[in-house]
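# Report on the structure
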Amino acid sequence: MQWYTPVPTAATGLSCRGCGGTYPRTYMLDCPACHSLLQVEYDLEALAALRPGDLRGDTLWRYAPFLPIGDPRHFISLGEGLTPLLRLPRLGQRLGLRHLYLKFEGTNPTGTVKDRSTATAIAAAQEFGFNAVAVVSTGNAGSSIAAYGARAGLKTFVFCYARAAQPKMHHMAACASHLILYRGGYDDLIRIYDRLMEEMPIFEAGASRSTYKMEGKKTIAYETFEQLGNQAPDYFVAPVAVGETFIAAWRAFNELFAIGWAGKVPTMVAAQSSEANPIVEALRDGGPIRPRPIGYTIAEGTAVGNPERKGEWALQILREGKGLAADASDPEVLEAQALLARTEGMWAGPTGCVPLAALRKLVTQQALDPDAVIVCVASESGLKGEYAPVEREAIEPDEAHLRAILREGLAAG
Ligand SMILES: *Cc1c(COP(=O)(O)O)cnc(C)c1O
Ligand SMILES: [Zn+2]
């Protein structure tokens, strides 16, 4: 496959969020001086010299100038990105919102937003000469890394919690070279895993530290901007587990504003499960993030009780940008899922419906302008989930009976 890009990358290097130290574009998990998170820096003048019309291609690498991979031979794709931005007229009317859109991530190759960050993670692993990658996952990151790792011919060590939905398990078992199940939650394993990643020649493709991985998720914002006719929305509602999607979207909207493409940066709205809501709580109470143990939430992908430094970053974005945040309980998430399916025909998984459920709460609280352009992310397909059996009695294929059912259905309001 060939990718045409006017500039392969405008990335210039890494900078430390703690001490401001700068480093070349190499594989580093945190700042060698102060151990804070690193971020990728870009030559904004080079980006400002581009026009939206210069972007080419129909995968995530359309945005290659804004991504941190230097050599186009390392670009890897399963056809991720360019997901639909769908207007929700019926659901918008229900909620009293006149310009509501859904960025539906379920059409990505493994059915979730994770494929965006996986594409840049696997590309970076190749760029920095790794033969193996690893990730800790509740299912979605694992299947995404396993799939793209296979595509690149890398060894994949996927650590997945044992309660992951069976469709995700099958997917990971099929694609991963090494699938390792563990008991307990993400928070139980992550510290041990982090230590092991320091000593092994394995590319760390987890969400908590990886600098290059997060960059791929910026593309959700570039696409939204293009799909709105080269405009930023007024509000952008995104899920927050570790905070990657949220921070990446905010970074991208800021870049578009800085290079003069967008006239504004949207108000960022963070959505969490009530079972794992440390950022919503911290924003509401005005204090620091208080990590909490997670029991179980149906919104598996958001089950992170300690979002660590990326969580602090997300909180800072909310505080400085006067952003909004709301959480939703499991029943509220399932209600939002059913509402989206029935009113607009989109089948998103529970994790993917956390933003919509949180948005409904903010509407009830009259926290948003109903005339604003609101983009809500649905971060996964519903087809990878596991659900309680549908309780419905099967009938005999009797013509008269079926005719009666159809007549009754047509007559009903
Ligand atoms: C991982 C995940 C998220 C959010 O994760 P962040 O780490 O905050 O970006 C949201 N939705 C789905 C479906 C996910 O798999
Ligand atoms: Zn530092």
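Summary of the structure given here. This structure is a prediction, so every number in the text was calculated from the model and none was measured. (Residues numbered from 1 in each chain as written. Chains lettered and ligands numbered in written order. Predicted model: local features only at pLDDT ≥ 70, side-chain atom pairs only at ≥ 80, totals over all residues. Heavy atoms only, no water.)

## A word on the site of ligand 1
The environment of ligand 1 is formed by 14 residues, the closest being K114, A241, G243, T245 and S379. Between ligand 1 and the protein, one listed contact pairs an oxygen atom with a side-chain N or O atom of K217 at 3.0 Å. Residue V242 places a main-chain N or O atom 3.2 Å away from an oxygen atom belonging to ligand 1. Compared with its free state, where it exposes 380 Å², ligand 1 has 96% of that area covered by protein. Of all the cavities here, the one that holds ligand 1 is the largest cavity. Across the shell around ligand 1, the residue classes tally to 4 nonpolar, 6 polar and 4 charged. (Near = heavy atom within 4 Å. Polar contact = N/O pair within 3.5 Å; in protein donor to acceptor, adjacent residues only side chain to side chain. Areas by Shrake-Rupley, 256 points an atom, 1.4 Å probe, with all protein chains shown as cover. 1 Å grid on protein atoms, 1.4 Å probe; cavity = no way out; pocket = protein on both sides within 12 Å on 5 of 7 lines; lining within 4 Å. Sits in = over half its atoms within 2 Å of the grid points. Nonpolar A, V, L, I, M, F, W, Y, C, P; charged D, E, K, R; others polar.)

## Some points on the environment of L362
Mapping L362 onto the fold places it in helix α13 (residues 350-364). Owing to a relative accessible area of 2%, L362 belongs among the buried residues under this scheme. Taking the C-alpha atoms as reference points, L362 and V269, 93 residues apart in sequence, are found 9.6 Å from one another. Residues in contact with L362, not counting those within four places in the same chain, are V269, L324, A325, A326, A367 and L368. (Helix = DSSP H or I, 4+ residues; strand = E, 2+ residues; numbered from the N terminus. Buried < 20%, exposed > 50% of the residue type's maximum accessible area, 1.4 Å probe, protein only. Contact = heavy atoms within 4.5 Å.)

## Remarks on the layout of surface pockets
Of the voids in this model, the largest pocket is the one considered here, and its volume is about 310 Å³. Every residue along the wall of the largest pocket is listed here: L334, Q337, A338, A341, R342, W347, Y387, A388, P389, V390, E391 and R392. A breakdown of the residues in the lining of the largest pocket according to their chemical character gives 8 nonpolar, 1 polar and 3 charged. (Points joined across faces, edges and corners; volume = space filled by probe spheres on them.)

## Let's talk about unusual backbone geometry
Its identity as a non-glycine residue notwithstanding, K322 has a phi of 50°, on the positive side. Considering the arrangement of structural elements, one finds K322 in the loop between α11 (308-320) and β12 (324-328).

Such coordinate-based values are descriptive only and should not be taken to indicate function.
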